[in-house]
Amino acid sequence: MPHNPARLQVIDRAFALTLEVHRLAEQHADALSARGPGLRGQMLRAADSIASNLTEAAAFDSPKRCESFLRVVIGSCNELELQLRLAVALRAFPESANDWIDETVVVRKMTFGWRKYLQRRESNGGAVEPSTPTPTPTETPDL
């Protein structure tokens, strides 16, 4: 059953992350250009991809289709985390940007939880065992 994107905490968090990355990139555009040509564009594309692909994943009944979007999200989170770390290390972004690195990790963990839920549901013929706690897109599993 498709999810309502407006009700998924992981999408809200990804949206806030995307807005903040755009704000940081705009505020520090000169520093990014001077220290890492192309870094700004890659960073913005990765951030945009996270929220967009989570929203698309929510639209599908098929766990396989949903999982394919979630894999893209996980890859985009990995990419954005690296790019944010690089921007901080190159001093293009302030140390406070580390908070957004942490938020990227949280969004990735939530996405892993959603994917694990779908995999468990698929392996149980569309149902999740009642005795098993069900991770949802609003929970953060330990990874």
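Owing to the predicted nature of the structure, the values given are computational and were not obtained by experimental measurement.

### Structural notes on the confidence of the model for the protein chain
- For the protein chain, per-residue confidence averages 87 on the pLDDT scale, and 86% of positions sit at 70 or higher.
- Every residue in residues 130-135 is under pLDDT 50, and counting partners more than four places away or in other chains gives nine contacts.
- Ignoring residues within four places in sequence, the model shows residues 139-143, a span with pLDDT below 50, making ten contacts including any to other chains.

### Observations concerning the pattern of salt bridges
- Under the defined criterion, the tally for this structure stands at five salt bridges.
- The salt bridge partner of Glu103 is Arg13, with a shortest N-O separation of 2.6 Å. Highlighted residues: Glu103 in helix H5 (residues 98-123) and Arg13 in helix H1 (residues 9-27), separated in sequence by 90 residues.
- On the basis of relative accessibility, which here comes to 14%, the residue Glu103 falls in the buried class.
- According to the relative accessible area criterion, Arg13 is partly exposed, its value standing at 27%.
- With its nearest N and O atoms 2.8 Å apart, the salt bridge here joins Glu81 to Arg85. Here Glu81 and its partner Arg85 are both found in helix H4 (residues 63-89), four residues apart, which amounts to about one turn of the helix.
- Judged by relative accessible area, which is 44%, Arg85 ranks as partly exposed.
- Here the salt bridges do not stand alone but share partners, grouping Glu81, Arg85 and Arg108 into one network.

### A word on the packing of helix H3 (residues 39-57) against H5
- For the pair H3 and H5, the least separation of the axes is 12 Å and the interaxial angle reads 20 degrees. Judged on the interaxial angle alone, H5 and H3 are roughly parallel. The crossing of H3 and H5 is left-handed. Packed against H3, whose contacting residues are Ile50, Leu54 and Ala57, the element H5 presents Val107, Thr111 and Trp114 at the interface.

### Comments concerning the packing of H4 against H5
- Contact geometry of H4 with H5 gives a least axis separation of 9 Å together with a crossing angle of 165 degrees. The pairing of H4 with H5 is recorded here as roughly antiparallel in orientation. Classified by chirality, the crossing of H5 by H4 is left-handed.
- In the contact of H4 with H5, the residues fall into 16 nonpolar, five polar and nine charged.

Criteria and cut-off values
Along each chain, the written sequence defines residue order, and numbers are assigned to residues from 1. Note on the predicted model: pLDDT of at least 70 is required for a residue's local features to be given, and 80 or more for side-chain atom pairs to be given and counted; whole-chain, interface and lining totals, by contrast, use all residues. Hydrogens and water molecules were not included; the side-chain quantities draw on all heavy atoms of the structure. A residue's pLDDT is the confidence the predictor assigns to it, expressed on a 0 to 100 scale. Residue contacts are defined here by distance: any two heavy atoms, one from each residue, within 4.5 Å place the two residues in contact. What makes a salt bridge here is a side-chain nitrogen of Lys or Arg within 4 Å of a carboxyl oxygen of Asp or Glu, nothing more. Helix numbers and strand numbers start at the N terminus; a helix is a DSSP run of H or I with at least 4 residues, a strand a run of E with at least 2. Each residue gets one of three labels from its accessible area relative to the maximum for its type: buried under 20%, exposed over 50%, partly exposed in between, using a 1.4 Å probe on protein chains only. To define axes, lines are fitted to C-alpha atoms, for helices over the stretch in contact only, and angles between the resulting N-to-C directions are given on a 0 to 180 degree scale. Oblique is the label for every angle not falling under 35 degrees (roughly parallel), over 145 degrees (roughly antiparallel), or within 65 to 115 degrees (roughly perpendicular). Note on convention: the crossing is left-handed when the near helix lies turned anticlockwise from the far helix by less than a right angle, right-handed when the turn is clockwise. In this count, Pro and Cys sit with the nonpolar residues alongside Ala, Val, Leu, Ile, Met, Phe, Trp and Tyr, while Asp, Glu, Lys and Arg are called charged and the others, Gly among them, polar.

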